[in-house]
Amino acid sequence: IREAAALGGLDSWINALDNHHDYSFRHSMFVCGSLTYFAHALGIRGAELDQLTLGGLLHDIGKCRIPIEVLDKPGKLDPREWETMKLHPVYSRDILCKENDLDKDLTAMAVYHHEKLDGSGYPDGLTNRQISDHVRLTAVADVYSALIDKRAYKGSMSSEDALEMMLSFKDHLDLDLVREFRKFTLDRG
């Protein structure tokens, strides 16, 4: 993982996220790992797998610009705080577009992983085919991690319950990928 980050010349941003918010860094590491292993199980190899690995690690890099009091709020975010939180993909775009030679697909993973198939996601309201396969894979790993993690504002969920809930997100996630991720996650234990 660090090798992929060094390859992209992004160590300073990864360290910034680690120093800013421990949970966001750990979440990014988990998403990176599960995304990488899942993509490998799907038959993805070589440079494409390297790109997915780096994209998973960087998917929440913009959270290094979100205030800690928003990231760690123990209750539900109010509308102003939610609008602040929704800026992290925009910040990711700002950070990653300033880096040299980053593939647009890698940047898209960080910018669009909160887009939904029905267009109700953020930051740009993309729909169905506008959302790349790499972004779809990232979204599945991100949602799974968010559901199974214990946070200040919610308890953890079992893998089985999280995956069952994800299967109900038909207008949000690519359900074919969710079904494959479910098989991958539950069968490898």
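The preceding data block contains the structure.
Rules used in this analysis
Residues numbered from 1 in each chain as written. Predicted model: local features only at pLDDT ≥ 70, side-chain atom pairs only at ≥ 80, totals over all residues. Heavy atoms only, no water. Helix = DSSP H or I, 4+ residues; strand = E, 2+ residues; numbered from the N terminus. Rg over C-alpha atoms; globule rule 2.2 N^0.38 Å. Buried < 20%, exposed > 50% of the residue type's maximum accessible area, 1.4 Å probe, protein only. Contact = heavy atoms within 4.5 Å. Areas by Shrake-Rupley, 256 points an atom, 1.4 Å probe, with all protein chains shown as cover. Core = buried A, V, L, I, M, F, W, Y, C linked by side-chain atoms within 4.5 Å. Axes fitted to C-alpha atoms, helices over the stretch in contact; angles between N-to-C directions. Left-handed = near helix turned anticlockwise from the far one by under 90°. Nonpolar A, V, L, I, M, F, W, Y, C, P; charged D, E, K, R; others polar. Phe/Tyr/Trp six-rings, centres within 6.5 Å; stacked < 30°, edge-to-face > 60°. Expected span 1.5 Å × (residues − 1). Patch = residues over 30% accessible without salt bridge, like charges linked within 9 Å, V, L, I, M, F, W, Y side chains within 5 Å. Salt bridge = Lys/Arg side-chain N within 4 Å of Asp/Glu carboxyl O. Lys, Arg positive; Asp, Glu negative; His and termini not counted. Charge placed at Lys NZ, Arg CZ, Asp CG, Glu CD.

Moving on to the overall build of the chain. If you tally the helices and strands in the chain, you get eleven helices and zero strands. Helices and strands appear in the chain in the N-to-C order α-α-α-α-α-α-α-α-α-α-α. Relative to the compact-globule value of 16 Å for 189 residues, the chain shows a C-alpha radius of gyration of 16 Å, a close match. Principal-axis analysis of the C-alpha atoms gives the chain an extent of 40 × 35 × 30 Å. Residue burial in the chain is summarised as follows: out of 189 residues, 48% are buried. Across the chain, every contact between residues at least 6 apart in sequence was considered, and the portion connecting residues at least 24 apart equals 62%. About 9400 Å² of surface is accessible on the chain, with carbon and sulfur atoms providing 51% of the total.

Moving on, we get to the nonpolar core. Grouped together as the largest cluster of nonpolar side chains are 32 residues, with contacts concentrated most on L52, L137, V140, Y144, M166, L173 and F181. Every element with two or more residues in this core is listed here: α3 (22–41), α4 (46–58), α8 (104–112), α9 (133–148), α10 (159–166) and α11 (175–187). The biggest single contributor to this core is α9, with nine residues. Residue contacts for F181: discarding those within four places in its chain leaves F38, V140, Y144 and L163. Ranked by size, the runner-up nonpolar core spans 14 residues in total, among them L17, L54, I61 and L106.

Interhelical geometry of α4 versus α8 gives an angle of 35° and a closest axis separation of 8 Å. Classified by chirality, the crossing of α8 by α4 is right-handed. Between α4 and α8, the residues in contact are Q51, L52, L54, G55, G56 and L58 and D105, L106, M109 and A110, respectively. Among the residues forming the contact of α4 with α8, the class breakdown is six nonpolar, three polar and one charged.

Locating S158 in the fold gives a position in the loop between α9 and α10. Taking the relative accessible area as the measure of exposure, S158 reaches 32% and is therefore partly exposed. Along the backbone, S158 and A139 are 19 residues apart, and their C-alpha atoms lie at a distance of 18 Å.

Enumeration over the complete set of coordinates arrives at six aromatic pairs. Aromatic side chains F38 and F184 sit 5.5 Å apart centroid to centroid with 45° between the ring planes, which places their arrangement in the tilted category. Residue F38 is located in helix α3, and its partner F184 is located in helix α11; the two are separated by 146 residues in the primary sequence. Here the two residues F38 and F184 agree in accessibility, since each one is buried.

What follows concerns α11. Every α-helix carries 3.6 residues per turn, so stepping three or four residues along brings you back to the same face. Over its 13 residues, α11 runs 18 Å from end to end, which matches the ideal 18 Å to within 8%, given 1.5 Å per residue. Next to the buried residues of α11 lie α3, α9 and α10.

Another point: unusual backbone geometry. Y122 connects to P123 through a cis peptide bond whose omega is 15°. Residue position: P123 is located in the loop between α8 and α9.

This part takes up a negative patch on the surface. On the surface, E48, D103, D105 and D133 cluster together to form a negatively charged patch. Counting through the fold element by element, E48 comes out in helix α4.

Geometric values such as these leave the question of function open.
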